[in-house]
Structures are given as structure tokens and as C-alpha cells.
Amino acid sequence: MLLIFQALEAILLRTVSNLSHFSVVGMNIVKKLINSYVKLIYAALYSENCKMSRGCLTLLSAMVAQGPDSARDVCSHFDFNNKYLPGLLKKGFKKGRTDVRMACIQFALSFLVAGDNALLAQVLELKGCTSVAFLPCEW
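Residues numbered from 1 in each chain as written. Predicted model: local features only at pLDDT ≥ 70, side-chain atom pairs only at ≥ 80, totals over all residues. Heavy atoms only, no water.

Caption draft 1: Fine view of the packing of aromatic side chains. Enumeration over the complete set of coordinates arrives at eight aromatic pairs. Where tyrosine 46 meets tyrosine 84, the ring centres are 6.2 Å apart and the plane angle is 50 degrees; that geometry is what we call tilted. Here tyrosine 46, found in the loop between helix H3 (38-45) and helix H4 (50-64), pairs with tyrosine 84, found in the loop between helix H5 (68-77) and helix H6 (100-112); they are 38 residues apart in sequence, far enough to count as distant. Relative to phenylalanine 80, the ring of phenylalanine 78 lies with its centre 4.8 Å away and its plane at 65 degrees, an arrangement referred to as edge-to-face. Relative accessible area serves as the criterion here: at 17%, phenylalanine 80 is assigned to the buried category. Within the aromatic cluster, the residues linked to one another by ring pairs are Tyr42, Tyr46, Phe78, Phe80, Tyr84, Phe107 and Phe111. (Phe/Tyr/Trp six-rings, centres within 6.5 Å; stacked < 30°, edge-to-face > 60°. Helix = DSSP H or I, 4+ residues; strand = E, 2+ residues; numbered from the N terminus. Buried < 20%, exposed > 50% of the residue type's maximum accessible area, 1.4 Å probe, protein only.)

Caption draft 2: Representation of a nonpolar patch on the surface. Nonpolar side chains collect at one region of the surface, where Leu109, Leu112, Val113 and Leu124 lie side by side and expose about 360 Å² of accessible area between them. Among the secondary structure elements, leucine 124 is positioned in helix H7 (residues 117-125). (Patch = residues over 30% accessible without salt bridge, like charges linked within 9 Å, V, L, I, M, F, W, Y side chains within 5 Å. Areas by Shrake-Rupley, 256 points an atom, 1.4 Å probe, with all protein chains shown as cover. Salt bridge = Lys/Arg side-chain N within 4 Å of Asp/Glu carboxyl O.)

Caption draft 3: Spatial organisation of the pattern of salt bridges. The full count for this structure, using the stated rule, is three salt bridges. Among the ionic pairs, lysine 31 bridges to aspartate 73, the shortest N-O distance being 3.7 Å. A residue pair is termed long-range when its members are at least 10 positions apart, and lysine 31 in helix H2 (residues 23-36) and aspartate 73 in helix H5 qualify at 42 residues. Of the charged contacts, one joins aspartate 69 and arginine 72 as a salt bridge, the two residues approaching to 2.3 Å between their closest N and O atoms.

Caption draft 4: Region of interest: empty space enclosed by the protein. Taken as a whole and assessed by the stated rule, the structure comprises one cavity of 30 Å³ or more. Where the lining of the largest cavity is concerned, the elements lending two or more residues are H2, H3, H4 and H5. If one sorts the elements of the lining of the largest cavity by residue count, H3 sits on top with three residues. Of the residues contributing to the lining of the largest cavity, the split by class is nine nonpolar, one polar and no charged. (1 Å grid on protein atoms, 1.4 Å probe; cavity = no way out; pocket = protein on both sides within 12 Å on 5 of 7 lines; lining within 4 Å. Points joined across faces, edges and corners; volume = space filled by probe spheres on them. Nonpolar A, V, L, I, M, F, W, Y, C, P; charged D, E, K, R; others polar.)

Caption draft 5: Representation of the nonpolar core in the model. Within the largest apolar cluster, 37 residues are counted, with the highest numbers of intra-cluster contacts made by Met63, Val74, Phe78, Phe107 and Phe111. Where this core is concerned, the elements lending two or more residues are helix H1 (2-16), H2, H3, H4, H5, H6 and H7. It is H4 that contributes the most residues to this core, nine residues altogether. Non-local contacts of phenylalanine 111, meaning those with residues more than four positions away in its chain, are made with Val64, Ala71, Val74, Cys75, Phe80, Leu119 and Val123. (Core = buried A, V, L, I, M, F, W, Y, C linked by side-chain atoms within 4.5 Å. Contact = heavy atoms within 4.5 Å.)

Geometric descriptors of this kind do not, in isolation, establish any biological role.
Below you can see the structure in the form of C-alpha cells.
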């Protein structure tokens, strides 16, 4: 499943950057993931496997990067009040690789650069969303 998440992330990031003429394909992938596979995304996100959680967060960041419309879709379907979400900030690798906390920060910041002022205000109003970057590491 991690390999599928990484492949979808790569496709989404390419449709944003140098394959922008395929942006409709990227939006369709985002809509399909949100509407059909959200339970699978949550299962991967809150799994015990750090690589799986990190891969899921980077996929979510790529989904938000598709543009303001996809960012609004992800924001409206993602449960920011899930009781397990703060626990992701304590997961990580100790070998210098990108950890889950960094992927959480990347996901939060992806909303800030999405280009939609109303979404920006909505995300900034979420309790604790912007403070993830300033929490101390507890490894």
C-alpha cells in the first residue's frame, strides 16, 4: 500500500509542476481518493508503521498541492479533530530520515500555500494546526 501511495504522490506532484496540462487528471485522482478511499487513508495514517504514516501524510500534502479546489476538498473531508492526530507528532525515525513529524508540518503548511484566503483563515482557526511546527520533539 505504501508503494501505491508513493506512486500516487509522484503522479500528483508531476501534474502540479511540469505536467500542468494534466491537472484535470490530478484533480480526478484527488476526488477519487477522497470519495472512495478515505477509510484506507485513515487506516494508513494512524497505523503503527512510521513509514506508512509518513507516506500517507506526504500523499495528503500532494493532494492539497493540486490547487485551491483540491485543498478545500481535502480540508472538508479530513478530520482535524481526530484524537490520534496529535500522536503522529511523536512518531519518527532516529536515523536522520524525514520523520512523521516533518510530514505533519509539511501537510499543515501545504494548506497555507494553497492559494485560497478563505481556506487559509479556516485552517488558521483550527485548534493546534499551526502550532505543530513549534512543539518540542519527544523521542
